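One-letter residues, chain by chain:
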Amino acid sequence: MEILEHTFTSLCGVLKRRYGRGSGDAQAILRQVHRAGNTRFRDAPQFRRYADVALRFEKELSLTLPEEVDRRCEGETTKLLFRLGDGNQIESVLVPMARYTTICVSSQVGCRMGCAFCQTAKMGFVRQLTTGEMVAQIFWAKHVARVPIRNVVFMGMGEPLDNFANLAKTLAVITDQRGLDIAPRHITVSTVGLASGIRQLAALGLPLLNLAVSLNAPNDTLRNHLMPVNRHTPLAHLQALLKSYPLHHRNAHLISYVLIPGVNDLRRHADELAHFVAPLRAKVNLIPFNPSPQTPYRAPETEELERFRERLVTKGVFVRRRTPKGQAILAACGQLGARIPLKPPQAPP
Ligand code: SF4
């Protein structure tokens with residue numbers, strides 16, 4: 001049984017059914033795995049008088065981690081290439097901040113969203129990551145690389161809301177105070193705007209969780225071209241979904257806008273973007289496009305970026321210009337997967 005797959009509730013159920021043991025054991029197991037970083041359950045005070053039970057758990061509960069295949073660093077940003085149990089490969093990125101580190105987690109092998117500027121899209125959809133495989137990326141960073149993880153962003157390979165059931169379980173595992181205890185306000189789920197997924201996420205009742213929407217185009221014509229999801233959920237629909245999303249009063253939607261020169265950086269694009277965010281409580285994250293070998297677009301000059309930012313500010317938009325950490329190692333938005341050999345995509349389940 002894979003321990004990283006389990007929430008407290010599901011583990012309680014399994015321990016009761018299989019071993020006739022109670023919730024105290026589940027709590028001790030999660031604490032040992034996620035806090036101590038190992039499965040030496042005999043070390044837990046809960047099992048001091050039950051060494052035989054602890055040893056049985058050690059034998060029967062497994063903790064599977066991905067194999068590190070490659071690691072690239074730019075400054076302090078690290079991009080990790082992992083091989084999963086079935087041979088598929090994924091990437092995670094560690095981005096250090098002043099006192100803690102953010103991990104960018106992948107949610108799928110490949111992606112079926114087909115965004116025109118994205119490296120991962122070129123892989124097509126291969127398969128969903130399990131909860132255990134998503135949690136393992138965080139576990140690995142914390143206990144193998146020994147990095148002080150505080151923030152988790154689901155912005156790696158794949159569209160997390162396209163893998164909703166496993167994402168929801170992953171959120172339950174990583175926010176559990178008996179285990180990893182990552183506060184929802186330190187977690188960001190990034191989406192291209194999958195309507196059903198946004199509704200399901202809203203229903204989880206985590207108002208402090210951050211929702212980032214990768215917008216990248218401010219009108220339907222351009223967005224239909226850059227991000228095919230827009231043909232199903234056009235901008236007016238997406239805006240209505242965000243307006244009705246149960247946001248905490250201290251929170252704001254994050255609207256990511258990757259600036260691609262000659263594509264979405266005109267003055268009228270800034271005006272349209274300002275119009276889109278006007279009725280929302282939202283911050284715009286302006287991200288310079290990071291060119292990769294197979295994309296036809298180039299990176300914006302500082303002046304192009306600044307011109308676009310100033311126009312948004314003039315229109316009353318709250319804008320943050322994001323430093324493109326990880327640019328040289330292709331660890332920035334839409335660039336994961338460049339080192340993974342392309343296989344023919346499989347049909348979605
Ligand atoms: S940008 Fe994100 S959602 Fe779009 S194809 Fe790439 S990984 Fe998928």
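Just so it is clear, the model here is predicted, and its values are computed rather than measured.

Undergrad: Got a minute to help me understand the packing of helix α9 (residues 267-277) against helix α10 (residues 302-314) in this structure?
TA: When two helices pack together, their arrangement is captured by the angle between the axes and the distance separating the axes. α10 packs onto α9 with a crossing angle of 40 degrees between their chain directions and a minimal axis gap of 9 Å. With respect to α10, the axis of α9 lies oblique. Seen along the crossing, α9 lies across α10 with a hand that is right-handed. Note on element contacts: α10 touches α9 through F308, R311 and L312, opposite R267, H269, A270, D271, L273 and A274. Taken together, the residues that form the contact of α9 with α10 break down as five nonpolar, one polar and three charged.

Undergrad: Please clarify how the nonpolar core should be interpreted in this entry.
TA: One broad rule of soluble globular proteins: the nonpolar side chains tend to lie buried together. Residues I29, V152, F154 and L201 are the most contacted members of the largest nonpolar core, which totals 101 residues. Top element by residues in this core is helix α4 (residues 131-144). It accounts for seven residues. Both domains that furnish three or more residues to this core are identified here as domain 1 (3-60) and domain 2 (80-329). Residues within four places of F154 in sequence aside, it is in contact with V105, M134, P160, L167, T170, L171, I174, I187, T188, V189 and S190.

Undergrad: When you look at the side chain of S107 in this model, what are you seeing that I'm missing?
TA: Residue position: S107 is located in the loop between β4 (101-104) and β5 (108-110). Look at S107 and you get buried, because its relative accessible area is 2%. Excluding anything up to four places from it in sequence, S107 contacts Q128, L129, M134, M157, G158, E159, P160 and N163.

Undergrad: I would appreciate a short explanation of the packing of aromatic side chains in the present structure.
TA: The geometry of an aromatic ring pair is captured by the separation of the ring centres together with the interplanar angle, meaning the angle of the planes. Counted according to the given criterion, the structure contains five aromatic pairs. Centre to centre, the rings of Y19 and F57 are 4.9 Å apart; their planes meet at 85 degrees, and the pair counts as edge-to-face. Here Y19, found in helix α1 (residues 8-19), pairs with F57, found in helix α3 (residues 51-60); they are 38 residues apart in sequence, far enough to count as distant. Given a relative accessible area of 14%, Y19 falls into the buried group.

Undergrad: Explanation requested: the environment of P218 in the structure shown.
TA: Its place among the elements puts P218 in the loop between β9 (210-214) and α7 (220-226). In the structure, P218 is positioned 50 residues away from R268 in sequence and 9.2 Å away in space, judged by C-alpha atoms.

Undergrad: Looking at this model, I keep getting lost on the site of the ligand. Mind explaining?
TA: Taken together, C111, M113, G114, C115, C118, T120, A121, G158 and V192 form the complete shell of residues around the ligand. Along the lines of polarity and charge, the residues of the shell around the ligand split into six nonpolar, three polar and no charged.

Undergrad: How should I be thinking about the domain arrangement of the chain in this particular structure?
TA: Domain assignment breaks the chain into domain 1 (3-60) and domain 2 (80-329). One C-alpha centre belongs to domain 1, the other to domain 2; they are set 35 Å apart. Contact with domain 1, which involves 13 residues of that partner, is made by 17 residues of domain 2. A buried area of about 1,300 Å², summed over both sides, lies between domain 1 and domain 2, and 58% of it is on carbon and sulfur atoms. Among the residues of domain 1 in contact with domain 2, L4, E5 and H34 are the three that bury the most area, contributing 48% of the side total. Across the pair E5 and K169 runs a salt bridge whose closest N-O atoms are separated by 3.3 Å. Counting every contact that joins domain 1 to domain 2 gives seven residue pairs in polar contact (both at pLDDT 80 or more). When residues of the side of domain 1 that touches domain 2 are assigned to their parent elements, the largest contribution, seven residues, is made by helix α2 (residues 23-36). Partitioned by chemical class, the residues of the side of domain 1 that touches domain 2 number five nonpolar, five polar and three charged.

Calculation rules
- Residues numbered from 1 in each chain as written.
- Predicted model: local features only at pLDDT ≥ 70, side-chain atom pairs only at ≥ 80, totals over all residues.
- Heavy atoms only, no water.
- Axes fitted to C-alpha atoms, helices over the stretch in contact; angles between N-to-C directions.
- Helix = DSSP H or I, 4+ residues; strand = E, 2+ residues; numbered from the N terminus.
- Parallel < 35°, antiparallel > 145°, perpendicular 65-115°, else oblique.
- Left-handed = near helix turned anticlockwise from the far one by under 90°.
- Contact = heavy atoms within 4.5 Å.
- Nonpolar A, V, L, I, M, F, W, Y, C, P; charged D, E, K, R; others polar.
- Core = buried A, V, L, I, M, F, W, Y, C linked by side-chain atoms within 4.5 Å.
- Buried < 20%, exposed > 50% of the residue type's maximum accessible area, 1.4 Å probe, protein only.
- Domains from an automatic or database assignment.
- Phe/Tyr/Trp six-rings, centres within 6.5 Å; stacked < 30°, edge-to-face > 60°.
- Near = heavy atom within 4 Å.
- Buried area = accessible area lost by both parts, 1.4 Å probe.
- Salt bridge = Lys/Arg side-chain N within 4 Å of Asp/Glu carboxyl O.
- Polar contact = N/O pair within 3.5 Å; in protein donor to acceptor, adjacent residues only side chain to side chain.

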